[in-house]
Amino acid sequence: MAGELAVLRSRRPGTPSSRRLAATLALLSALIPACREPAEPEVGDFTVVARFTRSRYDPAVAALADGRVLIAGGASPDGAIIPGAEVFDPSDGSLGATPCDLVTPRRRAVAVTLRDGRVLIVGGDTGNLYMLLETEVFDPTGGCFARGPVLLERRGDVENALLLDDGRVLVIEGTPLYPDSVSGGAELIDADLGLVRVLDRDLGEETDRTSVAKLEDGRVLLVGGNIVGDDRIIRLTDRVVLFDPGTATFRLLPTRLSRPKSFMAVLPSPDGGALILGGGDMVATREIERFDPDREDIGIIGHLSQPRTLASAVLVDRWVLVVGGKGRVGASPLTTTEWVSLDGSSGGPGPAIREGVAIGQHTFVEGRAVVVVRPGGDPAGDSTTSIQIGRFQERQ
């Protein structure tokens with residue numbers, strides 16, 4: 001190209017060869033912007049499109065295969081367990097009760113959408129500190145619940161359950177005897193066969209509040225969280241663990257997070273790795289860290305514009321939208337969002353949230369919309385409940 005530019009300068013303007021070369025250079029110039037990082041999508045400010053028929057906190061929430069969202073169980077502000085469930089349809093903003101209640105009303109459970117479209121609901125408690133072994137399965141075609149496989153370990157306050165590539169469900173941690181103990185174990189559930197298998201997860205410490213994500217190659221990344229020592233004192237950890245579904249084993253990696261923390265947003269990235277955003281405990285952090293699946297290593301690649309813990313994150317047109325969270329424990333939920341590129345650089349502020357979201361929030365991408373489910377009725381006194389939507393289009 002340098003030689004061609006030199007030739008262009010030596011020729012008289014307007015000759016056929018110089019005109020051809022000028023046209024070529026103009027074409028190349030037009031193509032160069034298309035190779036750059038795409039502009040972040042435009043998302044209108046979030047609007048509240050629906051509210052639960054009853055204020056509820058700690059429900060089980062899952063995106064259904066057809067784009068609707070299931071909100072099941074939970075508790076009302078007075079602590080009563082809610083036996084019913086609701087389904088939200090983002091296409092028209094409708095929210096309605098399911099025709100059937102849960103088999104076992106529960107709060108603090110987790111919901112996982114299976115490959116056949118059904119939803120497995122795992123763990124939780126009945127409001128009297130009785131941690132459940134029973135699971136149940138929601139069928140979206142009829143809107144009713146049925147009994148599922150029985151766990152081998154009681155699990156309340158369950159946060160981590162993932163659908164593996166082979167259709168089984170991996171359940172990690174949970175509280176067997178609330179409030180002063182945790183289960184560092186894990187179970188594999190085959191909902192079709194009704195089989196449950198306890199996995200050996202003896203990594204030297206009991207753990208809780210681990211952040212997890214399923215990688216593109218099917219392995220599961222587990223980072224940070226709390227550890228409980230023999231003295232029953234809870235401490236933060238910076239450890240990184242990989243679960244291999246093929247061997248059903250956990251492996252502690254030598255790499256570590258930038259600092260001990262919990263409540264991070266962990267998002268699988270299109271390159272096969274994962275982004276770890278924010279987190280903390282009493283004080284939130286700003287680090288954006290990336291897990292490299294080939295090197296099995298973690299490193300800082302950027303920083304959020306503000307500290308966030310308990311935030312959520314979704315991938316929107318190859319950009320990450322980080323939603324809500326808190327700046328510190330005890331603070332009000334944030335009403336801000338921000339864009340982050342996959343290389344960790346900041347994309348600027350995102351659309352505003354109408355009502356702050358933090359504990360118990362669930363964020364999904366459905367079509368060209370970001371759906372945020374904000375359970376309310378928090379025991380601390382926040383009874384706001386809402387489903388908010390921000391619709392987006394890619395910037396040109």
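Here the structure is a predicted model, which is why all the values come from computation and not from measurement. (Residues numbered from 1 in each chain as written. Predicted model: local features only at pLDDT ≥ 70, side-chain atom pairs only at ≥ 80, totals over all residues. Heavy atoms only, no water.)

Turning our attention to a nonpolar patch on the surface. Residues M282, V283 and V329 make up a contiguous nonpolar surface patch of roughly 300 Å² in combined accessible area. By the element assignment, V329 lies in the loop between β27 (319-323) and β28 (337-341). (Patch = residues over 30% accessible without salt bridge, like charges linked within 9 Å, V, L, I, M, F, W, Y side chains within 5 Å. Areas by Shrake-Rupley, 256 points an atom, 1.4 Å probe, with all protein chains shown as cover. Salt bridge = Lys/Arg side-chain N within 4 Å of Asp/Glu carboxyl O. Helix = DSSP H or I, 4+ residues; strand = E, 2+ residues; numbered from the N terminus.)

The subject of this paragraph is the pattern of salt bridges. The final tally for this structure, using the stated rule, is 23 salt bridges. Residue R219 is joined to D217 by a salt bridge in which the shortest nitrogen-to-oxygen separation is 2.9 Å. A salt bridge links K261 to E287; its shortest N-O distance comes to 3.4 Å. Taken together, the positions of K261 in the loop between β21 (249-256) and β22 (265-268) and E287 in strand β24 (residues 285-292) put the pair 26 residues apart, joining distant regions of the chain. Of the two residues, K261 and E287, neither departs from the other in class, the shared state being buried. Among the charged side chains, a salt-bridge network with shared partners connects D58, R107, R108 and D125. (Buried < 20%, exposed > 50% of the residue type's maximum accessible area, 1.4 Å probe, protein only.)

Caution applies to low-pLDDT parts of the model: their predicted coordinates are not meant to be read in detail. When the pLDDT values of the protein chain are averaged, the result is 80; 78% of them are 70 or greater. Across residues 178-182, where pLDDT falls below 50, the model places 14 contacts with residues more than four positions away in sequence or in other chains. (pLDDT = per-residue confidence, 0-100. Contact = heavy atoms within 4.5 Å.)

If you walk through the whole model with that rule in mind, you get one disulfide. A sulfur-sulfur separation of 1.8 Å characterises the disulfide bridge that pairs C100 with C144. Here C144 lies in strand β10 (residues 144-150) and C100 lies in the loop between β6 (94-97) and β7 (110-113), a separation of 44 residues in the sequence. We classify C100 as partly exposed; its relative accessible area is 22%. (Disulfide = S-S within 2.5 Å.)

What follows is about the nonpolar core. The biggest cluster of nonpolar side chains holds 15 residues, and the ones touching the most others in it are L120, V122, A161, V169, V171 and I189. Setting aside residues no more than four positions away along its own chain, V171 makes contact with V122, R155, V158, N160, A161, G185, A186, E187 and I189. (Core = buried A, V, L, I, M, F, W, Y, C linked by side-chain atoms within 4.5 Å.)

Quick look at the packing of aromatic side chains now. Summed over the entire model, instances satisfying the criterion amount to two aromatic pairs. Relative to F145, the ring of F138 lies with its centre 4.9 Å away and its plane at 45°, an arrangement referred to as tilted. Like F145, F138 is buried. (Phe/Tyr/Trp six-rings, centres within 6.5 Å; stacked < 30°, edge-to-face > 60°.)

Strands sit in the order β11-β12-β13-β14 across an open sheet of four strands; the sheet is antiparallel. Two strands lie at the open edges of the sheet, namely β11 (160-163) and β14 (195-199), each paired on one side alone. Strand-to-strand twist across the sheet, computed as the mean angle between neighbouring axes with direction ignored, equals 20°. By the bridge criterion, four bridges tie β11 to strand β12 (residues 169-172) in an arrangement that is antiparallel. By the bridge assignment for β12, A161 is matched with V171. (Pairing = 2+ DSSP bridges. Axes fitted to C-alpha atoms, helices over the stretch in contact; angles between N-to-C directions.)

This brings us to unusual backbone geometry. Look at D58: it is not a glycine, yet its phi comes out positive at around 60°. As for its placement among the helices and strands, D58 is situated in the loop between β2 (47-50) and β3 (60-63). Look at D58 and you get partly exposed, because its relative accessible area is 24%.

Residues in a regular strand point their side chains to alternate faces of the sheet. Among the five residues that make up β28, five are buried, leaving the element largely enclosed by the rest of the structure. Residues T337, W339 and S341 line one face of β28 and the alternating positions E338 and V340 line the opposite face, and both faces are buried. The sheet contact formed by β27 and β28 spans five bridges and is antiparallel. Considered in β28, the bridge of V320 is made with V340. Note: β28 against strand β29 (residues 346-349), three bridges, orientation antiparallel. Note that in β29 the partner of E338 across the bridge is P349. A loop of four residues connects β28 with β29, the two strands running antiparallel in sequence, and G344 in this loop sits at a positive phi of about 95°.

A word on the sheet that holds strand β16 (residues 211-214). By way of backbone hydrogen bonds, the strands of a sheet pair with one another, either parallel or antiparallel. Judged by pairing direction, the sheet is antiparallel, and its four strands sit side by side in the order β16-β17-β20-β21 without closing on themselves. Every other strand in the sheet has two partners, leaving β16 and β21 as the edge strands with one partner each. Pairs of neighbouring strands in the sheet enclose a mean axial angle of 25°, with direction left out of account. Bridge count for strand β20 (residues 239-244) against β21 is five bridges, and the pairing is antiparallel. When the bridges of β21 are listed, V241 appears paired with L252.

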